[in-house]
Amino acid sequence: MEKQNSKTNTDTITRRKTILSGIQPSGKLTIGHLSGALDNWVKLQDEYNCFYMIADLHAITVRQVPALLRSQTLETVAIYLACGIDPKKSTLFVQSHVAEHSQLAWVLNCFTGMGECSKMTQFKDKSKTHKENINVGLFSYPTLMAADILLYQADLVPVGEDQKQHLELSRNLAQRFNHYYSNTFKIPEPYIPKIGARIMSLQEPTKKMSKSDENERNIIFIDDTREQIINKVKRSVTDSGSEIKMAADKPGISNLMTLYNIATGKNFTEIESEFSGKGYGDFKLAVGEAVADYIQPIREKFIEYRNDKKMLNDILKEGASNAHFVASRTLSKVYKKIGLYSLDK
Ligand code: AQP
């Protein structure tokens, strides 16, 4: 058996519940990733045994520029660290560095019905937006996600609305496998974060802010400068009327209020009274400045970490080794149960 290092000692594995989550390095991360994922991940580190991956194998279901994918992978690690992910507390790794993800995904593919994957909303949506490349990987994305989760015997998986269907499939596959053979996988539960707003596009506030959006004016990137942030917020789409309030028919203003809430911690009632009687212009300037202040320390750390390739590589090596230690135990159980011949025995 391989040497187990300090991070994944038996104590940690057995006593704490395990959480797995990841972000695809399919672009530069946005303030949406901060609010919807990373802020929560940081809080979870003290209570859970956390595995945070950079989901590069998922990213290639959509065509990526190789050099960009490589640099974005390293940038994503630097952002995880800049936001407060601590490699001493959590296992931080790149998905493709742990071969067991692809290996278990193949096994799970053989336990998944075509109908189960074809009904996935994300597959249907991405098939429409990437008509030129509707590949098998896009189709079987949920089985790779199931492998990610089941390899680490995750108790909990933080999921947004768009991933609930995929998690349900992971649960079904785990139950199916356990039923055919014997208890092998823990059945993962969804973890619904207490906080974590969904940030919408600045120009089209009815759709999610996405890192791969071609229009950069829709996005506040974590490495945007103060000037860029203030300008993007200034030019964001607002709604008819002049009131600053949270309302379904005011998606633009509601989105800016959410950003202001994230940046300042003020609640919506406080924000409404702060800007009562003021115009959109004043409000947008205040939002832009507050968001810039909020992002600045993260951006500074990001730039520092991004330039320290050796440190990033060292963290990723250790993360891959920790992740492999856990993942390989699950995979060998699976291989044994399904009857793959092992040279060790
Ligand atoms: N705008 C957002 N608001 C709140 N949370 C968000 N997340 C992403 N965008 C927002 C959260 O980030 C995690 C996973 O991100 P991902 O990059 O792996 O996948 P995604 O949700 O598909 O993000 P993008 O930016 O839209 O990626 P592309 O453009 O490549 O498809 C999840 O926890 C998600 O909720």
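Everything below is about the structure shown above.
What comes next is a walk through the structure.

Rules behind the numbers
- Residues numbered from 1 in each chain as written.
- Predicted model: local features only at pLDDT ≥ 70, side-chain atom pairs only at ≥ 80, totals over all residues.
- Heavy atoms only, no water.
- Helix = DSSP H or I, 4+ residues; strand = E, 2+ residues; numbered from the N terminus.
- Buried < 20%, exposed > 50% of the residue type's maximum accessible area, 1.4 Å probe, protein only.
- Near = heavy atom within 4 Å.
- Polar contact = N/O pair within 3.5 Å; in protein donor to acceptor, adjacent residues only side chain to side chain.
- Areas by Shrake-Rupley, 256 points an atom, 1.4 Å probe, with all protein chains shown as cover.
- Core = buried A, V, L, I, M, F, W, Y, C linked by side-chain atoms within 4.5 Å.
- Contact = heavy atoms within 4.5 Å.
- Pairing = 2+ DSSP bridges.
- Right-handed = clockwise from strand over helix to strand, strands pointing away.
- 1 Å grid on protein atoms, 1.4 Å probe; cavity = no way out; pocket = protein on both sides within 12 Å on 5 of 7 lines; lining within 4 Å.
- Points joined across faces, edges and corners; volume = space filled by probe spheres on them.
- Nonpolar A, V, L, I, M, F, W, Y, C, P; charged D, E, K, R; others polar.
- Phe/Tyr/Trp six-rings, centres within 6.5 Å; stacked < 30°, edge-to-face > 60°.

1. A short note on the environment of A286
- Within the secondary structure, A286 is located in helix α14 (residues 280-306).
- Classification of A286 as buried rests on a relative accessible area of 19%.
- Expressed as a C-alpha distance, the spacing of A286 and K234, which sit 52 residues apart in the sequence, is 9.7 Å.

2. Re the site of the ligand
- The immediate surroundings of the ligand are formed by 16 residues, with S26, K208, S210, K211 and S212 found nearest.
- Between Q24 and the ligand, the recorded distance is 2.9 Å, taken from a backbone N or O atom to an oxygen atom.
- Within the contact set of the ligand, an oxygen atom lies 2.6 Å away from a side-chain nitrogen or oxygen of K208.
- Protein burial of the ligand: of its 640 Å² of free accessible surface, 85% is covered by the chains.
- Listing elements by their share of the shell around the ligand, those giving two or more residues are β1 (18-23) and α2 (31-44).
- Of all the elements, α2 adds the most residues to the shell around the ligand, at 4 residues.

3. Let's talk about the nonpolar core
- Grouped together as the largest cluster of nonpolar side chains are 59 residues, with contacts concentrated most on I31, L38 and Y80.
- For this core, the leading source of residues is α14, giving 11 residues.
- Apart from the residues lying within four places of it in its own chain, the contact partners of Y80 are G22, I23, L29, L38, W41, Y52, M53, I54, I85 and L92.
- Listed in part, the 40 residues of the second largest apolar core include V98, V107, M120 and F325.

4. Some remarks on the pairing of β1
- In terms of burial, β1 is a largely internal element, 5 of the 6 residues being buried.
- Sheet topology note: the β1/strand β2 (residues 49-54) ladder contains 6 bridges and is parallel. Looking at β2, one finds that S21 is bridged to Y52.
- Read from β1 through α2 to β2, the crossover connection turns out right-handed.

5. Focus on empty space enclosed by the protein
- Tallied over the entire structure, the rule returns 2 cavities of 30 Å³ or more.
- In this model, the largest cavity occupies a volume close to 50 Å³.
- In terms of lining, the largest cavity is formed by G27, K28, L29, Q72, E75, T76, I79, D223 and F302.
- By residue number, the principal contributor to the lining of the largest cavity is helix α4 (residues 66-83), which donates 4 residues.
- Among the residues forming the lining of the largest cavity, the class breakdown is 3 nonpolar, 3 polar and 3 charged.
- Roughly 30 Å³ of internal volume is contained in the second largest cavity.

6. Some points on the packing of aromatic side chains
- All chains considered together, the criterion is met by 15 aromatic pairs.
- Ring centres 6.3 Å apart and planes at 70° place the aromatic pair Y260 and F283 in the edge-to-face group. Of this pair, Y260 sits in helix α12 (residues 251-264) while F283 sits in helix α14; the two residues are 23 residues apart in sequence, bridging distant segments of the chain.
- The buried category is assigned to Y260, whose relative accessible area is 5%.
- For F283, a relative accessible area of 0% corresponds to the buried category.
- For the pair F275 and F283, a centre-to-centre distance of 4.9 Å together with 70° between the ring planes defines the contact as edge-to-face. Both residues of the pair, F275 and F283, count as buried.
- Taken together through their ring pairs, the aromatic side chains of F111, F177, Y180, Y181 and F185 make up a single cluster.

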